[in-house]
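# Inside the fold
Each chain, written out:
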Amino acid sequence: QPKQPMNAFHMYLASIRNSLFQQAPTGENMLAWSGKKAAELWHALSPEERAPFETKAAEGRKDYNLKLQSFLLSGGTMKKKKSAAPGPGRKRKRRLHRDEAKPKKPTAGAYGIFLNENKAAIKKSLPARLGEADVLRAAAAQWKGLPEQTSSLYITKYHIQLKEYREAMNKYREANRNVKTERIIVGRKRGRNTALVLVSHKSQVGRRGGDVDESSDG
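Residues numbered from 1 in each chain as written. Predicted model: local features only at pLDDT ≥ 70, side-chain atom pairs only at ≥ 80, totals over all residues. Heavy atoms only, no water.

## Focus: the confidence of the model for the protein chain
Reading predicted coordinates in detail is not appropriate for stretches of low pLDDT. Formally: pLDDT measures the predictor's confidence residue by residue and takes values from 0 up to 100. Any two residues having at least one pair of non-hydrogen atoms within 4.5 Å are treated as being in contact.
On average, residues of the protein chain carry a pLDDT of 75, and 73% of them reach 70 or more. Across residues 202–218 the pLDDT falls below 50, and counting only partners more than four positions away or on other chains, this stretch makes 16 contacts in the model.

## Considerations on the environment of Ser125
This is how the line gets drawn: By the criteria applied, helices consist of DSSP H or I runs no shorter than four residues and strands consist of E runs no shorter than two, each listed in order from the N terminus. Partly exposed residues are those whose accessible area sits between 20% and 50% of the maximum for their type, while under 20% is buried and over 50% is exposed, using a 1.4 Å probe and protein chains only. Polar contact is defined as a pair of N or O atoms within 3.5 Å, subject to the rule that within protein one atom must be able to donate a hydrogen and the other to accept it, and that residues adjacent in sequence are counted only when both atoms are side-chain atoms.
By the secondary structure assignment, Ser125 is in helix H4 (residues 109–125). When its relative accessible area of 4% is taken as the criterion, Ser125 is described as buried. Within the structure, the side chain of Ser125 is placed 2.7 Å from the backbone oxygen of Ile122, a separation counted as a polar contact.

## Some words on the layout of surface pockets
Basically, it comes down to this: Here the term cavity refers to a set of points on a 1 Å grid, laid over the protein atoms alone, in which a 1.4 Å probe fits but cannot get out; the term pocket refers to an open set having protein on both sides within 12 Å along at least five of seven lines, with lining residues being those that place an atom within 4 Å of a point. Grid points are joined across faces, edges and corners, and a volume is the space filled by probe spheres set on the points.
Space inside the largest pocket adds up to approximately 570 Å³. If you trace the largest pocket, you find 17 residues lining it, with Lys3, Gln4, Pro5, Ala133 and Arg137 closest to the centre. Residue contributions to the lining of the largest pocket peak at six residues, all from helix H5 (residues 132–144).

## Considerations on the packing of helix H1 (residues 8–23) against helix H2 (residues 30–44)
As a reminder, the rule being used: Lines are fitted to the C-alpha atoms to define the axes, a helix being fitted only along its stretch in contact, and any angle between axes, read from their N-to-C directions, falls within 0 to 180 degrees. In this scheme, roughly parallel covers angles under 35 degrees and roughly antiparallel covers those over 145, while 65 to 115 is roughly perpendicular and the rest are oblique. Left-handed describes a crossing whose near helix is turned anticlockwise from the far helix by less than a right angle; the clockwise case is right-handed. Just so you know the grouping, Ala, Val, Leu, Ile, Met, Phe, Trp, Tyr, Cys and Pro go in nonpolar, Asp, Glu, Lys and Arg go in charged, and all remaining residues, Gly too, go in polar.
At a closest axis distance of 9 Å, the pairing of H1 and H2 adopts a crossing angle of 125 degrees. By the angle class used here, H1 and H2 are oblique. Between H1 and H2 lies a crossing whose hand is right-handed. Between H1, through Ala8, Phe9, Tyr12, Leu13, Ile16, Leu20, Phe21 and Gln23, and H2, the contact on the second element is made entirely by Met30, Leu31, Trp33, Ser34, Lys37, Ala38, Ala39, Leu41 and Trp42. Counted by class, the contact of H1 with H2 contains 14 nonpolar, two polar and one charged residues.

## Comments concerning the nonpolar core
The condition that has to hold: Buried residues of nine kinds, namely Ala, Val, Leu, Ile, Met, Phe, Trp, Tyr and Cys, make up a nonpolar core once their side-chain atoms join them within 4.5 Å.
Ranked by internal contacts, the top residues of the largest apolar core, which has 31 residues, are Phe9, Phe114, Ile122, Leu126 and Tyr154. Those elements that provide at least two residues to this core are H1, H2, H4, H5 and helix H6 (148–175). Here the element with the most residues in this core is H1; it accounts for eight residues. Ignoring anything within four residues of it in the chain, the contact list for Leu126 reads Phe9, His10, Asp134, Val135 and Ala138.

## So, the packing of H1 against H5
The packing of two helices is summarised by the inter-axis angle and the distance between the axes. Here H1 crosses H5 at 20 degrees, and the two axes come no closer than 11 Å. Classified by the angle between their axes, H1 and H5 sit roughly parallel to one another. Read as a crossing pair, H1 and H5 show a hand that is right-handed. Contacts between H1 and H5 involve His10, Leu13 and Arg17 from the former and Asp134, Arg137, Ala138, Ala141 and Gln142 from the latter. Tallied by class, the residues present in the contact of H1 with H5 amount to three nonpolar, two polar and three charged.

## Topic: H1
What counts here: A helix is expected to span 1.5 Å multiplied by its residue count minus one. Note that the bend at a residue is defined as the angle between axes fitted to the seven residues ending at it and the seven residues starting at it.
Taking 1.5 Å of rise per residue, the 16 residues of H1 would be expected to cover 22 Å, and the 22 Å separating its terminal C-alpha atoms lies within 8% of that figure. Along its length, H1 shows its largest kink, about 50 degrees, at Arg17. For H1, every residue scored as buried is listed here: Ala8, Phe9, His10, Met11, Tyr12, Leu13, Ile16, Arg17, Leu20 and Phe21. The opening residue of H1 is Asn7, an N-cap whose side-chain oxygen sits 3.2 Å from the backbone nitrogen of Phe9.

## A short note on the pattern of salt bridges
For clarity, the cut-off: For this analysis, a salt bridge means a side-chain nitrogen from Lys or Arg found within 4 Å of a carboxyl oxygen belonging to Asp or Glu.
Per the counting criterion, the structure on display carries four salt bridges. Residue Glu117 is joined to Lys157 by a salt bridge in which the shortest nitrogen-to-oxygen separation is 2.9 Å. Placement of Glu117 in helix H4 and of Lys157 in helix H6 is noted, with a sequence separation of 40 residues between them.

## Some details on the packing of aromatic side chains
Going by this rule: Any Phe, Tyr or Trp ring, taking Trp's six-membered ring, that has another such ring centre within 6.5 Å forms a pair; planes under 30 degrees apart are called stacked, those over 60 apart edge-to-face, and the others tilted.
The full count for this structure, using the stated rule, is nine aromatic pairs. A centroid spacing of 5.4 Å and a plane angle of 45 degrees characterise the contact between Tyr12 and Trp42, whose relative ring orientation is tilted. With Tyr12 in helix H1 and Trp42 in helix H2, the pair connects residues that are 30 residues apart, well separated along the chain. Since its relative accessible area comes to 3%, Trp42 is described here as buried. Ring centres 6.1 Å apart and planes at 70 degrees place the aromatic pair Trp143 and Tyr154 in the edge-to-face group.

## So, the side chain of Ser34
Along the polypeptide, Ser34 turns up in helix H2. A relative accessible area of 2% places Ser34 in the buried class. When residues no more than four places from it in sequence are discounted, the contact partners of Ser34 are Leu20 and Phe21.

As structure tokens, this is what we get:
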């Protein structure tokens, strides 16, 4: 599946990113400052100065459309984005209750750390009309342009968080070794379950017909 092309602003940002990194004032967040500065410079450009980037972006879209057409004609299928709500005739998947005490694994490696720390600043630095996909595209472009010294800091942070996660998971598994779980139907409508809750407890099942041993509670 062909990759979506960059828009004119992202092309401009990529062309001046390294220069802005060197201009960032001491003590400032280099990524946030450079993104905000690039947006200011972009707005200040004349139509003639923007023209090369807009032309290149238009060529990129044209090339993308040609590649997309060729991709579809060759039998390729586009990956569909997950919709928030199911369409007609589709069933919504039930989500089981998540144990809030369970440690959360850091995702997307060092880039995930970078994105979590800088996404808000990157979004703020971009023109207001740009959407979430543009923010992620700009973040990916900034990540690729980071100096090795800076990216290595995020790699180190990721390894530290991953180590902490593994240690926390070992403690979590040990603490929940004897915990039993069961699904409880909390409502029915037209013969179907309307809600499921995952309940954790440490009660033991008695010898007679599944009676619960009340003395084991707690």
